[in-house]
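Observations on the model geometry
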Amino acid sequence: MNPLAVEAVGLMAPGLAGWTTSQAVLTGQRPYVAEPMPAAMATLLPANERRRVTATIKLALQVAQEAMAQADIDAGAVRTVFASSGGDSEILDKICVALTQPDRPVSPTHFHQSVHNTPAGYWAIATGCMQPSLSLSAYDDSFAAGLREAAALAWADQTRVLLVAYDLPPPFPLVERRMIVAPFAVALLLNPAQDYRLAPLRLESGANQPANRLDDAGLEQLRAGNPAARGLPLLCAIARRKAGRVVLSDGGVSLSVEIEP
Amino acid sequence: MAIQPLAIAARTLTNALGRGGAASLGALRRGESGLRPCDFEDAGLPTWIGRVAGLEEEPLTGEFAPFDCRNNRLARLGLEQDGFGAAVRVARDRYGPDRIGVFVGTSTSGIGATEHAYRQRDPITGSLPATFDYPHTHNVFSVADFTRRWLGLTGVAMAISTACSSSAKAFASAWRQMRAGFCDAAVVGGVDSLCLTTLYGFNALGLASTQPCRPWDVERDGLNVGEAAGFVLLEWAEPGDDRVLLLGYGESSDAYHMTAAHPEGAGATLAMQQALARAEVLPEQVDYINLHGTATPLNDAAEDRAVARVFGPDTPCSSTKGWTGHTLGAAGVTEAVFVALCLEHGLIPGTLNTRQRDPKLDAGVVLENREHPLRTALSNSFGFGGTNCSLLFGRRDI
């Protein structure tokens, strides 16, 4: 299987406010504490847009922006893959509520923000990026599915790909049927070239194996409780900067990732 | 060098024209529309829709009962037509169930189940009814999960959800993931079903027409929402392959506006050019273009600019939305299979309902059906968020 390098990472969750500041927790030097998450600023959005967009859009764009800032390359040239189990539940809730009311006053803004590729659309507009972009879901395996698609895209087109995975707890009453314990978003800038790397990866897709779990109970709760956080074992391995192998379970087919030293 | 083509080993269609590919081909040939005045649930909207008859009476049962919702019923109905299941069984024996990927495009998946559940909330607690099953119905992945289980496949699976380009982009994902070795063959599909979210949503945006939609017409005033399921089985083409081949794909983003297409069709232009480049096919070698052609004034104008820029005014093109309505996330695969049928049967469909071409538009839109041998044809799909995808299909044996 072809190689793939992680060039930069963006990260946002309670107690994990950015990639650099999260190193001590991810490397196990400090226990995970679910401190309140700072508001995702997504400063690349124009101020008027920022007021109109939802927490989901801001969170996805925040980690994308963080990863691209680290890499210091033009986001307008980078293909993107957005992976989310359920998309923007806040918007879907508002539409379903409106549909129970007389005359069913669905807001046109909510309707256009209801599509799964809304964060991708706002990202493309904010960065002027006309490159291809894919938005996908594989329920609890959305992170692994996104990584697989991003890798396939990077290899096919021999180009950088930005993977953004995000999920937020749905509002009541949906949350009673889809428990997501906390917001979590991660962005990985992936490069199929060998020469420039934070962490070189080798991907292997094959027979089902159990996914890696995390030693830290708090981090493990987050991993198990948010589909985007299923990428945490990979983030911990990258932060440790040591060779290793993590399995990101993917239902019938596992995706395992070997991190080279 | 041109990319390695994929062959369509099997295909199936279900939409407002009927169940199975023959129903679609017959209606295309006869110029019979599947559109009707809106009679979906209790939606009192003055618009027309492309509804699939009979879904209300055909629930999913047994082990598939948790998946029961309009969208997965439509998926099942689609998978049962045209011998598709039998073709997948043959492929399963050949490749192994874990080596066939599943890539299904959808825009709203089974949100209709959530719409119903919100009308049945507990008056005291506000909770949703106990019968509501979010992961198997509403969740975006549900339709891909249902598809792989129905077909007995255990390989990679995902739902692609990029609004109205979803199931076109599923072809591109399948090509890449086969190329990467994540699977050896692929079931690519698209399923979107009628729901109040899209009917009232397009109505709120002022994009739903009160008449049967009229793409490229001087008096066009909007789209009709339709529903459809379409699936293809893709495998690498063999030397001398006489099947319809996916020769190229192109994808782009408009980076312009969430709902309005770029006025000059800049993203659409890129998508078409890249599909041609990947296939190493010249614009003048394309015999037919199936347009996205939703019949909204701005979308048709933007696509027209792009088509005219890439192909000039002479390449025959048409929108088939007047037959099916706009089937949203299923439009890509529906129209890809239309293109495959046209390549096999030498048919250039006209543009149903369109009476007078908008004189301000330049693309070579044909209004009446033509019987004409075709070798290469393009299909366009564009969506909210400025997402664009063009697929180039062809035959090598004629």
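As for the overall build of chain B
When you go through chain B residue by residue, the secondary structure sums to 11 helices and 16 strands. In terms of overall dimensions, chain B is globule-like: its C-alpha atoms have a radius of gyration of 20 Å, near the 21 Å expected for 398 residues. Taking the principal axes of its C-alpha atoms as reference, chain B extends roughly 65 × 50 × 40 Å. When each of the 398 residues of chain B is scored for burial, the buried share is 67%. Sequence separation of at least 24 residues holds for 80% of the intrachain contacts in chain B that already meet a minimum separation of 6.

As for the overall build of chain A
A count of helices and strands for chain A gives 9 helices and 9 strands. Expected size for 261 residues packed as a compact globule is a radius of gyration near 18 Å; at 18 Å, chain A falls within 12% of this value. By residue count, 57% of the 261 residues in chain A fall in the buried class. Here the analysis covers contacts within chain A between residues at least 6 apart in sequence; of these, 70% occur between residues at least 24 apart.

Some words on the environment of B:Gly350
All names here are of chain B. You can see Gly350 is positioned in the loop between strand S13 (347–348) and strand S14 (370–371). Judged by C-beta crowding, with 20 C-beta atoms within 10 Å, Gly350 ranks as buried. Taking the C-alpha atoms as reference, Gly350 lies 5.2 Å from Val366; in sequence the two are 16 residues apart. The residues contacting Gly350, other than those within four sequence positions of it, are Ser318, Val366, Leu367, Glu368 and Asn369.

Quick notes on the sheet that holds strand S8 (residues 225–226) of chain B
Residues and elements named next belong to chain B. Reading across from one edge, S3-S4-S8 is the order of the 3 strands in this open sheet, with mixed pairing throughout. The open sheet terminates on both sides in strands that have one partner only, identified here as strand S3 (36–37) and S8. Where S3 and strand S4 (residues 48–50) come together, 2 bridges link them in antiparallel fashion. Bridge assignment links Pro37 to a residue of S4, and that residue is Trp48.

Some points on the packing of helix H2 (residues 70–79) of chain B against helix H5 (residues 142–151) of chain B
All names here are of chain B. Taken N-terminus to C-terminus, the directions of H2 and H5 make an angle of 35°; their axes are 10 Å apart at the nearest point. The interaxial crossing formed by H2 with H5 has right-handed handedness. Contacts between H2 and H5 involve Asn71, Asn72, Ala75, Arg76 and Leu79 from the first element and Ser142, Val143, Phe146, Thr147, Trp150 and Leu151 from the second.

Quick look at the nonpolar core
Core analysis: the largest hydrophobic core is formed by 234 residues, its most contacted members being A:Leu163, B:Phe171 and B:Phe393. With residues up to four places along the chain from it excluded, the contact list for A:Leu163 reads A:Val81, A:Ala83, A:Gly146, A:Leu147, A:Ala150, A:Ala187, A:Leu188 and A:Leu190.

Quick word on helix H9 (residues 232–240) of chain A
Residue and element names in this part refer to chain A. Within H9, 8 of the 9 residues are buried, which leaves it mostly tucked inside the rest of the structure. Burial in H9 covers these residues: Leu232, Pro233, Leu234, Leu235, Cys236, Ala237, Ile238 and Ala239. Once H9 ends, the next one or two residues include Arg241, with phi positive near 55°.

Some words on the confidence of the model for chain B
Averaged over chain B, the pLDDT score is 97; the fraction of residues at 70 or greater is 99%. ipTM for the predicted complex: 0.98, alongside a pTM of 0.98.

Description of the interface of chain B and chain A
Interface size is often expressed as the accessible area that is lost when the parts come together. Opposite the 55 residues of chain B that make contact, chain A presents 54 residues. For the side of chain B that touches chain A, the elements supplying multiple residues, two or more each, are helix H4 (111–118), strand S6 (157–160), helix H6 (166–179), helix H7 (196–204), strand S10 (245–253) and helix H8 (266–279) of chain B. Residue composition of the side of chain B that touches chain A, by class: 25 nonpolar, 21 polar and 9 charged. As judged from the 2 bridges shared by strand S4 (residues 133–137) of chain A and S6(B), these two strands associate in the antiparallel manner. Residue pairing in the sheet places A:Leu136 in a bridge with B:Ile160 of S6(B).

Quick word on the pairing of strand S16 (residues 387–394) of chain B
Residue and element names in this part refer to chain B. For S16, the tally of buried residues reaches 8 of 8 residues, placing the bulk of the element in the interior. Burial along S16 is two-sided: the residues Thr387, Cys389, Leu391 and Phe393 and Asn388, Ser390, Leu392 and Gly394 are all buried. When S10 meets S16, the two strands line up antiparallel, connected through 8 bridges. Opposite Leu246, over in S16, you have Phe393 as the bridge partner. In textbook terms, the turn of a hairpin is the stretch between consecutive antiparallel strands, and for strand S15 (residues 376–383) and S16 this stretch comprises 3 residues, one of which, Gly385, has a positive phi near 85°.

Some words on the pairing of S4(A)
Residues and elements named next belong to chain A. Summarising burial for S4: 5 of the 5 residues are buried, a large majority. Where burial is concerned, the two faces of S4 agree: the one with Ser133, Ser135 and Ser137 and the one with Leu134 and Leu136 are both buried. Two strands pair when backbone bridges link them, and strand S3 (residues 79–83) and S4 are joined in this way by 4 bridges, in the parallel orientation. Each residue of the ladder has a partner; that of Phe82, found in S4, is Ser135.

Focus on the environment of A:Lys94
For A:Lys94, the position within the fold is in helix H4 (residues 89–98). Once the C-alpha coordinates of A:Lys94 and A:Val106 are considered, the two residues, 12 residues apart in sequence, prove to be 8.2 Å apart.

Topic: the packing of H4(A) against H4(B)
Two numbers describe how H4(A) lies on H4(B): the axes approach to 9 Å, and their chain directions differ by 55°. Relative to H4(B), the element H4(A) lies oblique. At the point where H4(A) passes H4(B), the crossing takes the right-handed sense. Counted together, A:Leu92, A:Cys96 and A:Val97 of H4(A) and B:Ile111, B:Thr114, B:Glu115 and B:Tyr118 of H4(B) form the full contact between these two elements. Residue composition of the contact of H4(A) with H4(B), grouped by class: 5 nonpolar, 1 polar and 1 charged.

Criteria and thresholds
All residue numbers refer to positions counted from 1 along the written sequence of the respective chain. Chains carry letters from A onward and ligands carry numbers from 1 onward, assigned in written order. Given that this is a predicted model, residues contribute local features only at a pLDDT of at least 70 and side-chain atom pairs are listed and counted only at 80 or more, while totals for whole chains, interfaces and linings are drawn from all residues. A run of DSSP states H or I qualifies as a helix once it reaches four residues; a run of E qualifies as a strand once it reaches two. Both are numbered from the N-terminal end. Throughout, radius of gyration means the C-alpha value; the globule benchmark is 2.2 Å times the number of residues raised to the power 0.38. Three exposure classes are used. Buried residues have 20 or more other C-beta atoms within 10 Å of their own C-beta, exposed residues have 12 or fewer, and partly exposed residues fall in between, all C-beta atoms being placed from the backbone. Contact definition: two residues whose C-beta atoms, as placed from backbone geometry, lie within 7 Å. A strand pair is defined by DSSP finding two or more bridges across the two strands. Note on method: axes are straight lines fitted to C-alpha atoms, helices fitted across the in-contact stretch only, with angles between N-to-C directions ranging 0 to 180 degrees. Handedness of a crossing is defined here by the sense of rotation of the near helix relative to the far one, left-handed for an anticlockwise turn of less than a right angle and right-handed for a clockwise turn. Remark: nonpolar core denotes a set of buried Ala, Val, Leu, Ile, Met, Phe, Trp, Tyr and Cys residues whose joining runs through C-beta atoms within 7 Å. Here pLDDT means the predictor's own confidence in every residue, given as a number from 0 to 100. Residue type decides the class: Asp, Glu, Lys and Arg count as charged, Ala, Val, Leu, Ile, Met, Phe, Trp, Tyr, Cys and Pro as nonpolar, and the leftover types, Gly among them, as polar. Oblique is the label for any angle not covered by the other classes, which are roughly parallel (under 35 degrees), roughly antiparallel (over 145) and roughly perpendicular (65 to 115).

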